[in-house]
Structures are given as C-alpha cells and as structure tokens.
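Here's the letter readout for the chains.
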Amino acid sequence: ATRRGKARAQGGEGRKVTGVTMRVQRANLHKRTIREGGVTKTVWLSADALRTLSRGPYRGIELLCSAPPSSCPRCCSPHAPRLA
C-alpha cells in the first residue's frame, strides 16, 4: 500500500494509507529506426538513448530518423526505399 506522512516514532502524526496500488515507474520508450553495423533496425529506445544518438553516431549505432515511424514517410514507412 502507498503511504504518506512521517512515522510517529520519528515525531510525526503517523503514516496514512493513501492507496492500494503502488506507483510503477516505466521507462520513457520511443520506437525509432537505427542503423547498427550496416543493418537497419526498428527498435525501442529510451529517451536518454535518443538524446545521445541525436548528437551523432555512438558506438557504431546511428539514428536514421528522429521522427516517430508513423509520421515519417521518407525513411520509416514500410514502403520507403531501404537505406542500405
């Protein structure tokens, strides 16, 4: 259970139960197209990795397009010409 407040033993009013479900922290993932070792892949990238790759290639991995696949007909569409 999620709790709020300071414990009585620490000089507080006591812990209050505020909910049954614990808060879940999930990664901020985005689907992007990358090229790794000459192979084009569509992968889920964390926002942190996206920021790193937007600056340029990193350890043999480069970001082909920074836009989401659905909004980029130029390179991320399944009908777009392959960039090999």
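Reference entry: report on the structure contained in this document. (Residues numbered from 1 in each chain as written. Predicted model: local features only at pLDDT ≥ 70, side-chain atom pairs only at ≥ 80, totals over all residues. Heavy atoms only, no water.)

A separate point is the pattern of salt bridges. Taken as a whole, this structure holds 2 salt bridges when the rule is applied. For Glu62, the salt bridge goes to Arg35, with nearest N and O atoms at 3.1 Å. Taken as a pair, Glu62 in strand β5 (residues 61–65) and Arg35 in strand β3 (residues 29–36) lie far apart in primary sequence, 27 residues in all. In this structure, Glu36 and Lys41 form a salt bridge, with 2.8 Å as the shortest nitrogen-oxygen distance. Glu36 sits in the partly exposed class, given a relative accessible area of 33%. (Salt bridge = Lys/Arg side-chain N within 4 Å of Asp/Glu carboxyl O. Helix = DSSP H or I, 4+ residues; strand = E, 2+ residues; numbered from the N terminus. Buried < 20%, exposed > 50% of the residue type's maximum accessible area, 1.4 Å probe, protein only.)

Once that is clear, we can look at the pairing of strand β4 (residues 39–46). Pairing of β3 with β4 involves 8 bridges; the strand directions are antiparallel. Counterpart to Lys31 in the pairing with β4 is Trp44. Joining the antiparallel neighbours β3 and β4 is a turn of 2 residues, in which Gly37 adopts a positive phi near 60 degrees. (Pairing = 2+ DSSP bridges.)

Attention now moves to the sheet that holds β5. Taken together, 3 strands build an open sheet; the order of strands is β4-β3-β5 and the sheet is antiparallel. Strands with a single pairing partner mark the edges of an open sheet, and in this sheet they are β4 and β5. Strand after strand, the sheet turns through a mean of 45 degrees between neighbouring axes, direction not considered. (Axes fitted to C-alpha atoms, helices over the stretch in contact; angles between N-to-C directions.)

What follows covers the environment of Ala7. Within the secondary structure, Ala7 is located in the loop between β1 (2–4) and β2 (16–19). Taking the relative accessible area as the measure of exposure, Ala7 reaches 26% and is therefore partly exposed. Not counting residues within four places of it along the chain, the set of residues in contact with Ala7 comprises Gly12, Gly14 and Arg15. (Contact = heavy atoms within 4.5 Å.)

Within the largest apolar cluster, 5 residues are counted, these being Ile34, Leu45, Leu50, Leu53 and Leu63. Leaving out residues up to four positions away in the same chain, Leu63 has contacts with Arg32, Thr33, Ile34, Leu45, Leu50, Leu53 and Ser54. (Core = buried A, V, L, I, M, F, W, Y, C linked by side-chain atoms within 4.5 Å.)

What follows concerns unusual backbone geometry. A positive phi angle is found at Arg59, which is not glycine, with a value near 50 degrees. Mapping Arg59 onto the fold places it in the loop between α1 (47–54) and β5. Residue Arg59 is classed as exposed on the basis of its relative accessible area of 73%.

Nothing here speaks to function; it is geometry throughout.
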